Amino acid sequence: MSTNSELNLLNQKIIYDLTKFTTTDYIGHLSCIVWFKSCNLRCQYCYNDDIVFCKEGNYYINDILNFLKNRVGMLDSVVLSGGEATLYDLSDLCKKIKDLGFKIKLDTNGTNLKLIKKLISEKLLDFIAIDFKAPKYKYENITGVKKYDNFIQTIKYLIDINFDFELRTTINSLLLDEIDINNMINTINSLGYKNTYYLQNFIETPSNIGNIDKGNDINKEKLVTNGLSIQWRN
Ligand code: SF4
C-alpha cells in the first residue's frame, strides 16, 4: 500500500530531468542522475536557473523507477540532485531505489538536516556531496537566504557520525576571493573535516541567476591548506 508522502510525490511531476549514464558524478560508480525541480536557494552563480524556477517537471517518480528497473545490473548507483532534492521527502523513493539494489548519492546544499538525518537513520544514503557556498559573512549575499547555520549544523552532524561525504565550492572571484576561501578552509578545518575539499571554477554560461561574469582566476598560491587535502576539479 502507498503511504501519504509517497502518493504526494507520485502524483507530481517533480523531476526536471534524468541523466541516464555518468561515470564522473559519483566517482568509482556507474550512475544515473535524477534532477529534482526547484530550490530553496538563489545562488548568484547558479546556471541551473531553468531547474530552480521550474513550475512543473518533466517526469513523475514512477517514470524514474521504471527506468531503474530496466537498468538493474547495468548501473550500480543513483545520484539525487537538482535544484535541491531535499525539498522533497525522499524516504519512500530511496527505499524503492535500495530495493532494486542501487547505491544512493545525494547532492545537496546541506540546509535540510532533518531529512538528511532521517535518510541516514534509515540507511538510505551511501554518500553525500555538499556545497559550501560561502563564509558566514557572505552566505546570504551569495545564496539569497539566511541558511548558513543550517549548513554548519549539517556538516557538524556528518563529521560527528563519521559519515562518508565531501564538501565542494564553486569559485567565482567576483563573489569569493582568496581571503574568503581561506576563511572557509579554516572553518571546516576547525570543525574537524578530514576529507578532500573540492574547489571548482565557475564556468561562464549564457545565463545564471545573478547574471554575473566569469571574474579573474584565483591566486592559488595565496590559499592556505592547514593540512587539509584540497583539489581543484577544473
Ligand atoms: S547552485 Fe544554488 S540555486 Fe542553484 S541549484 Fe544549487 S543550491 Fe540551488
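Above: the structure in question.
Residues numbered from 1 in each chain as written. Predicted model: local features only at pLDDT ≥ 70, side-chain atom pairs only at ≥ 80, totals over all residues.

Caption draft 1: Expanded view of the overall build of the protein. Scanning the protein from terminus to terminus reveals eight helices and eight strands. Its C-alpha radius of gyration of 18 Å places the protein within 12% of the 17 Å reference for a compact globule of 234 residues. A principal-axis box enclosing the C-alpha atoms of the protein has dimensions of 55 × 40 × 30 Å. Nonlocal contacts in the protein, meaning residues at least 24 apart in sequence, comprise 78% of its contacts between residues at least 6 apart. (Helix = DSSP H or I, 4+ residues; strand = E, 2+ residues; numbered from the N terminus. Rg over C-alpha atoms; globule rule 2.2 N^0.38 Å. Contact = placed C-beta atoms within 7 Å.)

Caption draft 2: Geometry of helix 8 (residues 178–191). Under the 1.5 Å per step criterion, the end-to-end length of helix 8 is 20 Å for 14 residues, consistent within 8% with the ideal 20 Å. Within helix 8, burial applies to Ile181, Met184, Ile185 and Ile188. The buried residues of helix 8 occupy one face: seen down the axis, they fall within an arc of 100°. For helix 8, the exposed residues lying more than 90 degrees away from the buried face are Ile179 and Ser190. The elements touched by buried residues of helix 8 are strand 6 (165–171) and strand 7 (197–201). (Expected span 1.5 Å × (residues − 1). Buried ≥ 20, exposed ≤ 12 C-beta atoms within 10 Å, placed from the backbone. Arc of directions from axis to C-beta.)

Caption draft 3: How the structure looks around the site of the ligand. Contacts to the ligand come from Cys39, Leu41, Arg42, Cys43, Cys46, Asn48, Val52, Gly82, Gly83, Glu84 and Asn109. By residue class, the composition of the shell around the ligand is five nonpolar, four polar and two charged. (Near = placed C-beta within 6 Å. Nonpolar A, V, L, I, M, F, W, Y, C, P; charged D, E, K, R; others polar.)

Caption draft 4: How the structure looks around the sheet that holds strand 6. Taken in spatial order, the eight strands make up an open sheet running 1-2-3-4-5-6-7-8, and their pairing is mixed. Two strands in the sheet have a free side with no partner beyond their single neighbour: strand 1 (15–22) and strand 8 (230–232). Strand-to-strand twist in this sheet, taken as the mean axis angle between neighbours without regard to direction, amounts to 20°. Of the strand pairs in this sheet, strand 6 and strand 7 are connected by five bridges, and their pairing is parallel. (Pairing = 2+ DSSP bridges. Axes fitted to C-alpha atoms, helices over the stretch in contact; angles between N-to-C directions.)

Caption draft 5: How the structure looks around the packing of helix 5 (residues 113–121) against helix 7 (residues 148–160). Where helix 5 meets helix 7, the axes come as close as 10 Å, and the angle between the chain directions of the two elements is 20°. Compared by their axis directions, helix 5 and helix 7 come out roughly parallel. Considering how the two elements wind past one another, helix 5 and helix 7 form a crossing that is right-handed. Together, Leu113, Ile116 and Lys117 of helix 5 and Asn150, Gln153, Thr154 and Tyr157 of helix 7 make up the contact between the two elements. Per-class residue counts for the contact of helix 5 with helix 7 are three nonpolar, three polar and one charged. (Parallel < 35°, antiparallel > 145°, perpendicular 65-115°, else oblique. Left-handed = near helix turned anticlockwise from the far one by under 90°.)

Caption draft 6: Fine view of the environment of Gly57. Mapping Gly57 onto the fold places it in the loop between helix 2 (49–52) and helix 3 (61–69). Overall, Gly57 belongs to the buried group, with 20 C-beta atoms counted inside 10 Å. Along the chain, Gly57 and Lys37 lie 20 residues apart, while their C-alpha atoms are 6.1 Å from each other. If sequence neighbours within four positions are ignored, Gly57 has contacts with Lys13, Ile14, Ile15, Tyr16 and Lys37.

Distances and angles like these do not, on their own, reveal function.
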